[in-house]
Amino acid sequence: MENLFFSLNATVPVFLMMVLGLILHKIGWIDDEFASKMNQFVFRVPLPLLLFGDLARVDFGKVWSPKFVLFCFAVTVISIGISAALSFFFKDRTIQGEFIQASYRSSAAILGIAFIQNIYGTSGMAPLMIIGSVPLYNVMAVLVLSLCKPEQKGDFQAVFHRTIKGIVTNPIILGIVAGLLWSALGLPLPRMLDKMVSSVSGMTTPMGLIAMGAAFDIRKAFAKMKPAAAAAVIKLVGFCALFLPVAVGMGFRREELVAILVMLGSATTVSCYVMAKNMGHEGVLSSSVVMLTTLLSAFTLTGWLYVLRSLGLI
């Protein structure tokens, strides 16, 4: 019950924030243009700063474990490959990019540290899980959304150059590169800069969720319920069932296993919607998957935690 209440406390406020955005749009306090501007702001400023801060604060020397990082990286690569393969089962190719990223991208950076601290009192292996998965999550999301953009026009060379330019100039990629370089060089994060980064990046989730709720179209969402449900099942159950036994077989336990569980089975991150919307996609499928996985993850994550604890693995 304690784990259930913790999971509910982590997920229900997220869902309520989306509902708040929906209500504010219905009563006319947020119109479509304002919601679009909010999305663009989150994409260009708070989200890159969030990724920069998460990575810049990691001390590689203290927590480095090549086996764990390589496992997180390899599982993320395979998950992306599985999601891409499954996306071809849907006739509507305009949703392919959104389906792929919504199926594999977790709220790992936001939930990972919170979950492990709640169970063990320290952040444990969460920073390493973030290093092994989050940069790849975002880099591949930019690549997938660029290549699978609806109504992509022009010859292959023009599309290729446009895609490369989009990746190199993408604010998410710039935030990741800056954070990794800062951490690798061992530079301290001055208190004033740290507070500024924390304050601005703290707007990412609430603003992104409110904007997503305001732009949420229930009629369109029901039209895409089949792929949304499929992505939710893959995200919350499929990858956990596939990779957790592998992780156990490789000897991962306690904090390592909980970090892997969060990486595999937490709700689809709101930045999926923010990125999709800002890179030329409709965003309806992304927002539907975020809402579904957020609602259900409290129960599925608690179920996985119960199984792992019952087996004496955490």
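Now for a quick tour of the structure. (Residues numbered from 1 in each chain as written. Predicted model: local features only at pLDDT ≥ 70, side-chain atom pairs only at ≥ 80, totals over all residues. Heavy atoms only, no water.)

1. Describing the overall build of the chain
In terms of regular secondary structure, the chain is built from 17 helices and zero strands. Burial status across the chain gives 51% buried among its 314 residues. Total accessible area computed for the chain in this model is approximately 14,400 Å², and 69% of it derives from carbon and sulfur atoms. (Helix = DSSP H or I, 4+ residues; strand = E, 2+ residues; numbered from the N terminus. Buried < 20%, exposed > 50% of the residue type's maximum accessible area, 1.4 Å probe, protein only. Areas by Shrake-Rupley, 256 points an atom, 1.4 Å probe, with all protein chains shown as cover.)

2. Remarks on helix H17 (residues 284–310)
Here H17 is 27 residues long and its end C-alpha atoms lie 38 Å apart, about the 39 Å a rise of 1.5 Å per residue gives. Of all the bends in H17, the greatest, near 50°, is centred on serine 297. (Expected span 1.5 Å × (residues − 1). Bend = angle between axes of the 7 residues up to and from the residue.)

3. Focus on empty space enclosed by the protein
All chains considered together, the criterion is met by two cavities of 30 Å³ or more. In this structure, the second largest cavity encloses a volume near 50 Å³. Together, Val75, Thr76, Ser79, Tyr104, Ser106, Tyr137, Lys235, Phe239, Met263 and Leu264 line the second largest cavity. Mapped by element, the contributors of at least two residues to the lining of the second largest cavity are helix H5 (66–87), helix H14 (225–249) and helix H15 (254–265). Broken down by element, the residue count for the lining of the second largest cavity peaks at three residues, all from H5. Tallied by class, the residues present in the lining of the second largest cavity amount to six nonpolar, three polar and one charged. (1 Å grid on protein atoms, 1.4 Å probe; cavity = no way out; pocket = protein on both sides within 12 Å on 5 of 7 lines; lining within 4 Å. Points joined across faces, edges and corners; volume = space filled by probe spheres on them. Nonpolar A, V, L, I, M, F, W, Y, C, P; charged D, E, K, R; others polar.)

4. A few points about the packing of helix H3 (residues 46–56) against helix H11 (residues 191–201)
Each packed pair of helices is defined by two parameters, the angle between the axes and the distance between the axes. Contact geometry for H3 and H11: axes closest at 8 Å, N-to-C directions at 130°. By the angle between their directions, the pair H3 and H11 is classed as oblique. The way H3 lies across H11 gives a crossing that is left-handed. Along the contact surface, H3 presents Pro46, Leu49, Leu50, Phe52 and Gly53, while H11 presents Val197, Val200 and Ser201. Each residue belonging to the contact of H3 with H11 can be placed in one class, and the counts come to six nonpolar, two polar and no charged. (Axes fitted to C-alpha atoms, helices over the stretch in contact; angles between N-to-C directions. Parallel < 35°, antiparallel > 145°, perpendicular 65-115°, else oblique. Left-handed = near helix turned anticlockwise from the far one by under 90°. Contact = heavy atoms within 4.5 Å.)

5. What to know about helix H16 (residues 271–278)
Along H16, six of the eight residues are buried, which leaves the element largely enclosed by surrounding structure. Considered for burial, the residues of H16 that qualify are Ser271, Cys272, Tyr273, Val274, Met275 and Ala276. Remark: glycine 280 follows H16 within two positions and exhibits a positive phi of approximately 90°.

6. A short note on the nonpolar core
Ranked by internal contacts, the top residues of the largest apolar core, which has 56 residues, are Leu244, Leu257, Ile260, Leu261, Leu264 and Met275. Counting residues in each nonpolar core, the second largest holds nine residues, with Met18, Leu22, Met212 and Phe216 among its members. (Core = buried A, V, L, I, M, F, W, Y, C linked by side-chain atoms within 4.5 Å.)

7. A look at the packing of aromatic side chains
Taken as a whole, this structure holds five aromatic pairs when the rule is applied. Taking 5.7 Å as the distance between ring centres and 75° as the angle between the ring planes, the aromatic pair formed by phenylalanine 68 and phenylalanine 252 counts as edge-to-face. Remark: phenylalanine 252 occurs in the loop between H14 and H15 and phenylalanine 68 occurs in helix H5; sequence separation between them is 184 residues. Each of the two residues, phenylalanine 68 as well as phenylalanine 252, counts as buried. Linked through ring pairs, Phe68, Phe71 and Phe252 together constitute an aromatic cluster. Just above the ring of phenylalanine 252 sits the side chain of lysine 67; from NZ or CZ to the centre is 5.2 Å. (Phe/Tyr/Trp six-rings, centres within 6.5 Å; stacked < 30°, edge-to-face > 60°. Lys NZ or Arg CZ within 6 Å of the ring centre and 35° of its normal.)

8. Things to note about the environment of serine 271
Following the sequence through the fold, serine 271 ends up in helix H16. Judged by relative accessible area, serine 271 falls into the buried class, the value being 6%. On a C-alpha basis, the gap between serine 271 and leucine 47 in space is 7.7 Å, while along the polypeptide they are 224 residues apart. Not counting chain neighbours up to four residues away, the residues in contact with serine 271 comprise Leu47 and Arg105.

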